[in-house]
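What follows is each chain in one-letter form.
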Amino acid sequence: MPTVSVKRDLLFKALGRTYTNEEFDELCFEFGLELDEITSEKEIISKEQGNVKAEGASDVVLYKIDVPANRYDLLCLEGLVRGLQVFKERIKAPVYKRVMPNGEIQKLIVTEETAKVRPFAVAAVLRNIKFTKDRYDSFIELQEKLHQNICRKRALVAIGTHDLDTLSGPFTYTAKRPSDIKFKPLNKTKEYTACELMNIYKTDNQLKHYLHIIENKPLYPVIYDSNGVVLSMPPIINGNHSKITVNTRNVFIECTGTDFTKAKIVLDIIVTMFSEYCENQFTVEAAEVIFPNGKSNTFPELAYRKEIVRADLINKKVGIRETPENLAKLLTRMYLKSEVIGDGNQIEIEIPPTRADIIHACDIVEDAAIAYGYNNIQMTLPKTYTIANQFPLNKLTELLRHDMAAAGFTEALTFALCSQEDIADKLGLDISTTKAVHISNPKTAEFQVARTTLLPGLLKTIAANRKMPLPLKLFEISDIVIKDSTKDVGAKNYRHLCAVYYNKNPGFEIIHGLLDRIMQLLDVPPGKDKGGYMIKASEGPAFFPGRCAEIFARGQSVGKLGVLHPDVITRFELTMPCSSLEINIEPFL
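Residues numbered from 1 in each chain as written. Predicted model: local features only at pLDDT ≥ 70, side-chain atom pairs only at ≥ 80, totals over all residues. Heavy atoms only, no water.

**Let's talk about the overall build of the protein chain**
Regarding its fold elements, the protein chain presents 16 helices and 28 strands. The C-alpha atoms of the protein chain give a radius of gyration of 31 Å, which is well past the 25 Å a tight globule of 589 residues would have. Its C-alpha atoms give the protein chain principal-axis dimensions of about 90 × 70 × 60 Å. Per element, the accessible surface of the protein chain, about 29,900 Å² overall, is 50% carbon and sulfur. Each charge class in the protein chain was averaged separately, 74 positive and 75 negative side chains, and the resulting centres sit 2 Å apart. (Helix = DSSP H or I, 4+ residues; strand = E, 2+ residues; numbered from the N terminus. Rg over C-alpha atoms; globule rule 2.2 N^0.38 Å. Areas by Shrake-Rupley, 256 points an atom, 1.4 Å probe, with all protein chains shown as cover. Lys, Arg positive; Asp, Glu negative; His and termini not counted. Charge placed at Lys NZ, Arg CZ, Asp CG, Glu CD.)

**As for the nonpolar core**
By size, the foremost hydrophobic cluster in this structure holds 95 residues, and its most contacted members are Phe24, Ile65, Leu126, Leu146 and Ile253. It is helix H8 (residues 260-274) that provides the largest number of residues to this core, a total of nine residues. In this structure, Leu146 is in contact with Tyr72, Leu75, Cys151, Ile159, Val266, Ile269 and Ile270, ignoring residues within four places of it in sequence. Membership of the second largest hydrophobic core comes to 27 residues, among which are Tyr501, Ile511, Met519 and Ala549. (Core = buried A, V, L, I, M, F, W, Y, C linked by side-chain atoms within 4.5 Å. Buried < 20%, exposed > 50% of the residue type's maximum accessible area, 1.4 Å probe, protein only. Contact = heavy atoms within 4.5 Å.)

**Regarding the packing of aromatic side chains**
Centre distance and the angle of the planes are the two values used to describe a pair of aromatic rings. In this structure the tally under the stated criterion is 16 aromatic pairs. Ring centres of Phe12 and Phe24 lie 6.0 Å apart, and the angle between their planes is 65°; this geometry places the pair in the edge-to-face category. Here Phe12, found in helix H1 (residues 8-15), pairs with Phe24, found in helix H2 (residues 21-30); they are 12 residues apart in sequence, far enough to count as distant. The exposure classification of Phe12 matches that of Phe24, with both residues buried. Ring plane angle 85° and centroid distance 5.3 Å describe the contact between Phe415 and Phe447, whose orientation is recorded as edge-to-face. Here Phe415 is found in the loop between strand S20 (410-411) and strand S21 (417-418), whereas its partner Phe447 is found in the loop between helix H13 (420-423) and strand S22 (449-450), with 32 residues between them in sequence. (Phe/Tyr/Trp six-rings, centres within 6.5 Å; stacked < 30°, edge-to-face > 60°.)

**Concerning the environment of Lys262**
Structurally, Lys262 is set in helix H8. Contacts of Lys262, omitting those with residues within four sequence positions, involve Ile150, Leu156 and Val157.

**Some thoughts on the sheet that holds strand S3 (residues 61-66)**
In space, the three strands of this open sheet follow the order S1-S3-S2, with antiparallel pairing throughout. The open sheet is flanked by strand S1 (3-7) and strand S2 (34-40), the only strands paired with a single partner. In this sheet, adjacent strand axes meet at a mean angle of 25° when their direction is disregarded. Of the strands in this sheet, S1 and S3 are in contact with H1, which crosses S1 at around 80°. (Pairing = 2+ DSSP bridges. Axes fitted to C-alpha atoms, helices over the stretch in contact; angles between N-to-C directions.)

**A few points about the pairing of S1**
What you see with S1 is a clean split: Val4 and Val6 sit on the buried side and Thr3, Ser5 and Lys7 on the side with no burial. Pairing of S1 with S3, which is carried by five bridges, proceeds in the antiparallel orientation. Each residue of the ladder has a partner; that of Ser5, found in S3, is Lys64.

**Observations concerning the UniProt feature "domain: B5" (unreviewed entry) in the protein chain**
As recorded in UniProt, the feature "domain: B5" (unreviewed entry) lies at residues 302-379. The distance from the first to the last C-alpha atom of residues 302-379 is 40 Å, and the span holds 38% helix and 22% strand. (UniProt positions renumbered as here; feature names shortened; annotations may be inferred.)

**Structural notes on the environment of Ala542**
Structurally, the position occupied by Ala542 is in the loop between strand S25 (533-537) and strand S26 (543-553). In this structure, the C-alpha to C-alpha distance between Ala542 and Pro324, residues 218 residues apart in sequence, is 65 Å. When neighbours within four sequence positions are excluded, Ala542 is seen to be in contact with Leu427, Leu564, His565 and Val568.

**Considering a nonpolar patch on the surface**
Taken together, the side chains of Phe415, Leu417 and Phe447 make up a nonpolar region of the molecular surface, amounting to roughly 290 Å² of accessible area. By relative accessible area, which is 63% here, Phe415 ends up exposed. (Patch = residues over 30% accessible without salt bridge, like charges linked within 9 Å, V, L, I, M, F, W, Y side chains within 5 Å. Salt bridge = Lys/Arg side-chain N within 4 Å of Asp/Glu carboxyl O.)

**Quick word on the side chain of Asn503**
Mapping Asn503 onto the fold places it in the loop between strand S24 (491-502) and helix H15 (508-521). We classify Asn503 as buried; its relative accessible area is 13%. A distance of 2.9 Å separates a polar atom in the side chain of Asn503 from a polar atom in the side chain of Tyr501. (Polar contact = N/O pair within 3.5 Å; in protein donor to acceptor, adjacent residues only side chain to side chain.)

**Here's the deal with a negative patch on the surface**
On the surface, Glu22, Asp25, Glu26, Glu34 and Asp36 cluster together into a patch of negative charge. Secondary-structure elements contributing two or more residues to the negative patch are H2 and S2. Looking at which element gives the most residues to the negative patch, the answer is H2, with three residues. Mapping Glu34 onto the fold places it in strand S2.

**A closer look at helix H14 (residues 455-464)**
Burial analysis of H14 places seven of its 10 residues in the buried class, which makes it a mostly covered element. Residues of H14 that are buried: Leu455, Pro456, Gly457, Leu458, Leu459, Ile462 and Ala463. Buried residues belonging to H14 abut H13, strand S23 (472-483), S24, strand S27 (556-564), helix H16 (566-571) and strand S28 (578-584).

**A few points about the sheet that holds S20**
An order of S20-S23-S24-S28-S27-S26-S25 is seen for the seven strands of this open sheet, with the pairing classed as mixed. Single-partner strands in this sheet number two, and they are S20 and S25. Judged from the two bridges that link them, S20 and S23 form a sheet pairing that is parallel. Directly across from Glu411, in S23, lies its bridge partner Phe475. Across the sheet, H14 lies against S23, S24, S27 and S28, angled at about 35° from S24, the strand it touches most.

**Topic: the side chain of Thr256**
Tracing the chain through its elements places Thr256 in strand S14 (residues 251-257). You can call Thr256 buried: its relative accessible area is 0%. Leave out the neighbours within four places in its chain, and Thr256 touches Arg118, Phe120, Ala121, Leu156, Val157, Ala158, Tyr173, Ile223 and Pro234.

Written as structure tokens, this is what we have:
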């Protein structure tokens, strides 16, 4: 959960009253927040860097408040105060409006060069805004909170804020070679090329974390005004020319990114939070964004939408008995303006642009529960009589685990995700034949796909424990994942048992004996009849020729056993022979 630090006295002034620490803690709990810590800047520095460094630091009391990760509207003092005031029914939720400028609308032209870097951009203007030192600090801090949260450390969205009076529209968002970009970055006194900046920021404690987003791209994104002045090089740094200050009166806000929806949400949050300080409160001046295909959109959207939820559904899900009118009142306190309509059991909820977290009816039900108060919900016994029981598959798994251990094998638990190389190349297979489920945005090459077999995980475990005394006898009973177009999620889990024997000799007879013991435990007799099991000579790229068998039980193939091919053993950095067994245990339920 994100933590928002606010000055206690500033918060109480905005709320229009003071609280004791206990009272404010209770208020936060009622609103679904948590007062995490009461501290000060001096105390924080003292803890982190020692008393010497803390000398001269501020003693102003800070409240550190934990905020739900999807409540982007509560990440700053302004949103927090507005939410609490509406919750306590001291004010009504403001209506946010997008207005057209008196003169020409500010335009942001997106060129086709951005398509392969950061293709999306949105923009807006906060006109005639009045900053103070505290408001300015809150404005900057909100951007940082959004960058760390919904923007995923600027990978999805990067925010740029500029003093509009220092610039001349229309603006152009394009992408150029790093050597062709030259400007004076924020808080620097001389011009640098983009290449030079990337080298400089490699030692910057804050900016070095964002360099990887574009540093390997042939083109870097950049925004110019009509005079060729650089506004920013997203997602790294803004230009110093358009730097905003406490004295800035007109702010041009641009958000660029790879996720169009999140860019629009981020823009909506910033302008709704700080339009309070504009001359015309809660109004935002529109800006036009022209895309490479010639289409144009006006931002911010500030879209209100309506949802209808039945009152009896809310009562049933929360476990309360409230009238539709009372439920509508509870939801209105949560910044969701609501009224009873239709047959008297339906509630129409207006969802403002600040509540991007409301996606489904269950989100509305949750807010009703928060407003009602979790501690006020009466404890009741369920009306259904049930007896808890273990899933048959899990019960069978537990029984097999005990007996595998009794047979002298050690259990291993390996990762459910692995590399494409592990389940394909190293086993002599083509990745396209494995029906593997691929991760669309893997963080590392080690976790690219969901495993389709347990064997690679056990072989890697043996490789990491080669210095242990021989023989190494490992087993695992876990799920594998296979693509299945007949399932609603496109994939299906299968519970597999895999065992590996690693020694100076292959030990095929030991693995074969283990199979016999497993079948004995599963009450499957040897034989070709329908209820029995048998092994039949087979081939597989992972196995030594002539040393592989397919296992048939109850009329179907359930797995394979055999001596692994020397190439497979070498690819997993092993040096001795190895036999393995892998079966699907689900047919034995």
